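# Fold and geometry: a report
As a plain string of letters, each chain reads:
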Amino acid sequence: FGQEHRPGEAMQTDFTNCNKLKVTIGGEPFEHMLCHSVLPYSHWEWGTVCRSESLMALRRGIQSSLFRLGRVPRYSQSDNLSAATHDLGSGARAFNEDYEEFVGHFGMEPRKIAVGKANQDGDVEASNGVLKRKLEQHLLLRSSRDFDGVEAYEAWVQEVMTKTNELRIKKVAEELAAMKELSVNRLREYRDEG
């Protein structure tokens, strides 16, 4: 079933495993994921490198996307990520307080798909595969899968996404016009332990 996407309505975020890219950092295998965000109407995308599906990785990924856009959609949508939800014991999942506060800080509303209904998050799910195929092609053109550091690798990934986003400029402009301006500070992307 087709879904109708309206400009500026939502940003879908998901984690995607990138180990099959066989990236190395300083010659050592680098097991990692991307926290990948997509605007379903224009297919604008952004991502950050992470090692797990944690709340801090999700926070960093979403913030990076919002600050890159400079605008805020109405909804922050995800599947039932454990970083954003907790099990109610009945099989249903509710947003955890930390995630609700984080999304609320930006003036967005949290929205999740129904359990077992991945098609409701279809844009980011499909974009995960497209992005990894694109990265694979760019790695082949680069003729090396090795990077000096995680920061260098993430900058390279984001450069690939920037070039792709330039092809979507007309629809992205429609999205930006429909969103409210980003007017808050970035929240910290770490948790104090102690």
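Residues numbered from 1 in each chain as written. Predicted model: local features only at pLDDT ≥ 70, side-chain atom pairs only at ≥ 80, totals over all residues. Heavy atoms only, no water.

In this section: the confidence of the model for the chain. The share of residues in the chain with pLDDT of 70 or more is 84%, and the mean pLDDT across the chain is 87. Long-range and interchain partners of residues 117–121, a stretch whose pLDDT sits below 50, account for 14 contacts in this model, where long-range means more than four residues apart. (pLDDT = per-residue confidence, 0-100. Contact = heavy atoms within 4.5 Å.)

What follows concerns the sheet that holds strand 4 (residues 33–38). For sheets, the rule is that strands pair by backbone hydrogen bonds, running either parallel or antiparallel. Spatial ordering of the open sheet is given by 5-4-1-7-10, a layout of five strands whose pairing is mixed. Looking at strand neighbours, the two that pair on one side only are strand 5 (45–50) and strand 10 (109–112), the edges of this open sheet. Here the average twist between neighbouring strands, direction ignored, is 25°. Here strand 1 (residues 10–17) pairs with strand 7 (residues 75–78) via four bridges, running parallel. Looking at the pairing, Q12 lines up with Q77 of strand 7. In the packing of helix 2 (residues 97–105) onto the sheet, the strands contacted are strand 7 and strand 10, and the crossing angle to strand 10 comes to about 125°. Along the sheet face, helix 4 (residues 150–166) touches strand 4 and strand 5 and points at about 170° away from the line of strand 5. (Pairing = 2+ DSSP bridges. Helix = DSSP H or I, 4+ residues; strand = E, 2+ residues; numbered from the N terminus. Axes fitted to C-alpha atoms, helices over the stretch in contact; angles between N-to-C directions.)

The next subject is the packing of helix 1 (residues 55–69) against helix 2. The packing of two helices is summarised by the inter-axis angle and the distance between the axes. Two elements in contact, helix 1 and helix 2, have axes separated by 11 Å at closest approach and are oriented at 15°. Between helix 1 and helix 2, the interaxial angle falls into the category roughly parallel. In this structure, helix 1 meets helix 2 at a crossing whose hand is right-handed. Residues L55, L58, R59, I62 and Q63 of helix 1 form the contact with helix 2, whose own contacting residues are D98, Y99 and F102. Looking at the contact of helix 1 with helix 2 residue by residue, the class counts come to five nonpolar, one polar and two charged. (Parallel < 35°, antiparallel > 145°, perpendicular 65-115°, else oblique. Left-handed = near helix turned anticlockwise from the far one by under 90°. Nonpolar A, V, L, I, M, F, W, Y, C, P; charged D, E, K, R; others polar.)

The subject of this paragraph is the nonpolar core. Ranked by internal contacts, the top residues of the largest apolar core, which has 42 residues, are V23, I62, Y99, L135, Y153 and W156. Elements with a minimum of two residues in this core: strand 1, strand 4, strand 5, helix 1, helix 2, helix 3 (122–142) and helix 4. A total of seven residues in this core trace back to one element, the largest contributor, which is helix 1. If sequence neighbours within four positions are ignored, V23 has contacts with E28, P29, F30, H32, L139, R145, F147 and Y153. (Core = buried A, V, L, I, M, F, W, Y, C linked by side-chain atoms within 4.5 Å. Buried < 20%, exposed > 50% of the residue type's maximum accessible area, 1.4 Å probe, protein only.)

Strand order in the open sheet made by the three strands is 3-2-11, with mixed pairing throughout. Both outer strands of the open sheet, strand 3 (28–29) and strand 11 (146–147), are each paired with one neighbouring strand and no more.

Our focus in this paragraph is the pairing of strand 7. Two faces make up the sheet, and in a regular strand the side chains alternate between them. The side-chain alternation of strand 7 yields two buried faces, one formed by Y75 and Q77 and the other by S76 and S78. One ladder, built from four bridges, connects strand 7 with strand 10; its direction is parallel. By the bridge assignment, Y75 is partnered in strand 10 with E109.

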